[in-house]
Amino acid sequence: MHRPLLPTIVILSAAICSASGGEGEFRPSETSARATWFAHVNLVGMRASETGKQLINELDGEAKRQLRQIERMLNFHPINDLESATVYGTSSDPEKAVALLRGDFDVDRLNGVAEDSDDYRAVAHGTGTIHSWRDGSKPLFASIPSTNLIIIGPELELVQTALDVTTGTGEAMDESQIFGHRKTTQPPILIAAANLSALGSLEIDSSLVRKIQAIYISAGEKGGELLGYAAMKTEDARSAQLVDQMLHGVLALAEASDEVAPEVIEAFHTKLDGNGISLTVSMPIRQFKGLVAKLEKAANGLK
């Protein structure tokens, strides 16, 4: 039996990028209104970005081997042929999530690989079909509603929900209700958001951090500059002021360490608005890479 490799696509896409709109952009209309958190990677934007090109060039031999293996088996390349990856969930358990992969897929090949997998089954759901198999000891579920969209995840109910939303029979996310979300002329490469107040009890030591009810993050590039944005909603205006003071304290400590140049610190700006706070950063990509290298060095020194 072939070992199904569709889950590997999700892992590789997320790893590469860690390091309805146009092509690759986030589509709230395809995300369930039940989602309490989501993360979206615009692979079209990543491939065109300076950082993305460097990450791809720095892939090690094992990663490249796995990519070639996926391309041979599924007839598409996860880096070159995927347009975007969206992952979302309805609880604080990251394992209970569903992924939407957009790209140019060979549906017949994908179905063939799934059908050759252990414990393969196919059941109708609405106007679509949900495929299931086992990846080792774990069940996996997937649906392919079109030649450019794959829905996959370990939870049947979430895959069913996602399929309903994409086929127009389920309630989609209201873009206007996403705290901090904003339209930009340059679509971000990464977007992530979480409604922390809806996730229930989280294991967070800081009482101040626990006062943050929602968070939104985006990152991208434009004209050789890194563009970062974060927005947080707190319980009240005083909590927002305290978070603002905490952020400025972190920046002050970084500047006092002499490890971070003053111009890097000056690239960060915060803004208070009632019980909301936003953080923006704009700096040359090369400067950002130098900052990341210093942070990695510092982190290694703590090990």
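Residues numbered from 1 in each chain as written. Predicted model: local features only at pLDDT ≥ 70, side-chain atom pairs only at ≥ 80, totals over all residues. Heavy atoms only, no water.

Right, let's get into helix 8 (residues 237-256). Taking 1.5 Å of rise per residue, the 20 residues of helix 8 would be expected to cover 28 Å, and the 29 Å separating its terminal C-alpha atoms lies within 8% of that figure. Every buried residue of helix 8 is accounted for by S239, A240, V243, D244, L247 and L251. Buried residues of helix 8, viewed axially, fall in a sector of 145°; they line one side. Exposed positions of helix 8 whose direction lies more than 90 degrees from the buried face are L253 and A256. Residues of helix 8 that are buried make contact with strand 9 (212-222), strand 10 (225-234), helix 9 (262-265), strand 11 (268-273) and strand 12 (276-284). (Helix = DSSP H or I, 4+ residues; strand = E, 2+ residues; numbered from the N terminus. Expected span 1.5 Å × (residues − 1). Buried < 20%, exposed > 50% of the residue type's maximum accessible area, 1.4 Å probe, protein only. Arc of directions from axis to C-beta. Contact = heavy atoms within 4.5 Å.)

What follows deals with the confidence of the model for the chain. Of all residues in the chain, 87% attain a pLDDT of 70 or more, and the chain-wide mean is 82. Predicted confidence in the chain is weakest over helix 1 (residues 6-18), with a mean pLDDT of 40, and strongest over helix 7 (residues 156-166), with 96. Every residue in residues 1-21 is under pLDDT 50, and counting partners more than four places away or in other chains gives 52 contacts. (pLDDT = per-residue confidence, 0-100.)

Within the element layout of this structure, P154 appears in the loop between strand 7 (149-153) and helix 7. Once residues lying within four places of it in the same chain are set aside, the contact partners of P154 are E95, A97, P139, L140 and F141.

What follows covers the pairing of strand 11. Relative to strand 12, strand 11 runs antiparallel, the two being bridged by 6 bridges. Across the sheet, residue H269 finds its bridge partner in strand 12, namely T280. Remark: 2 residues form the turn of the hairpin made by strand 11 and strand 12, two consecutive strands paired antiparallel; G274 in that turn has positive phi of roughly 65°. (Pairing = 2+ DSSP bridges.)

What follows deals with the pairing of strand 7. Along strand 7, 5 of the 5 residues are buried, which leaves the element largely enclosed by surrounding structure. The side-chain alternation of strand 7 yields two buried faces, one formed by L149, I151 and G153 and the other by I150 and I152. Where strand 3 (residues 97-103) meets strand 7, 4 bridges bridge the pair, whose relative direction is antiparallel. Paired with R102 across the bridge in strand 7 is L149. Across 4 bridges, strand 6 (residues 138-146) lies against strand 7 in antiparallel orientation. Paired with S143 across the strands is I151, a residue of strand 7. Taken together, strand 6 and the strand that follows it, strand 7, pair antiparallel across an intervening segment of 2 residues.

This paragraph deals with the sheet that holds strand 9. In spatial order, the strands read 4-5-6-7-3-2-1-8-9-10-12-11; together these 12 strands make up an open sheet with antiparallel pairing. Because the sheet does not close on itself, it has two edges, and the strands there are strand 4 (121-125) and strand 11. Averaged over all adjacent pairs, the angle separating strand axes in this sheet is 15°, with direction ignored. In the sheet, strand 5 (residues 128-135) pairs with strand 6 via 5 bridges, with the strands oriented antiparallel. When the bridges of strand 6 are listed, S132 appears paired with F141. (Axes fitted to C-alpha atoms, helices over the stretch in contact; angles between N-to-C directions.)

This brings us to the side chain of S132. Secondary-structure assignment places S132 in strand 5. If sequence neighbours within four positions are ignored, S132 has contacts with D119, Y120, R121, L140 and F141.

Here we come to the packing of helix 4 (residues 61-74) against helix 6 (residues 107-115). Running from N to C, helix 4 and helix 6 cross one another at 100°; their axes reach a closest spacing of 9 Å. Viewed along their axes, helix 4 and helix 6 adopt a mutual orientation that is roughly perpendicular. Here helix 4 contributes R72, M73 and L74 to the contact with helix 6, which in turn contributes R109, L110 and V113. Looking at the contact of helix 4 with helix 6, its residues break down into 4 nonpolar, no polar and 2 charged. (Parallel < 35°, antiparallel > 145°, perpendicular 65-115°, else oblique. Nonpolar A, V, L, I, M, F, W, Y, C, P; charged D, E, K, R; others polar.)

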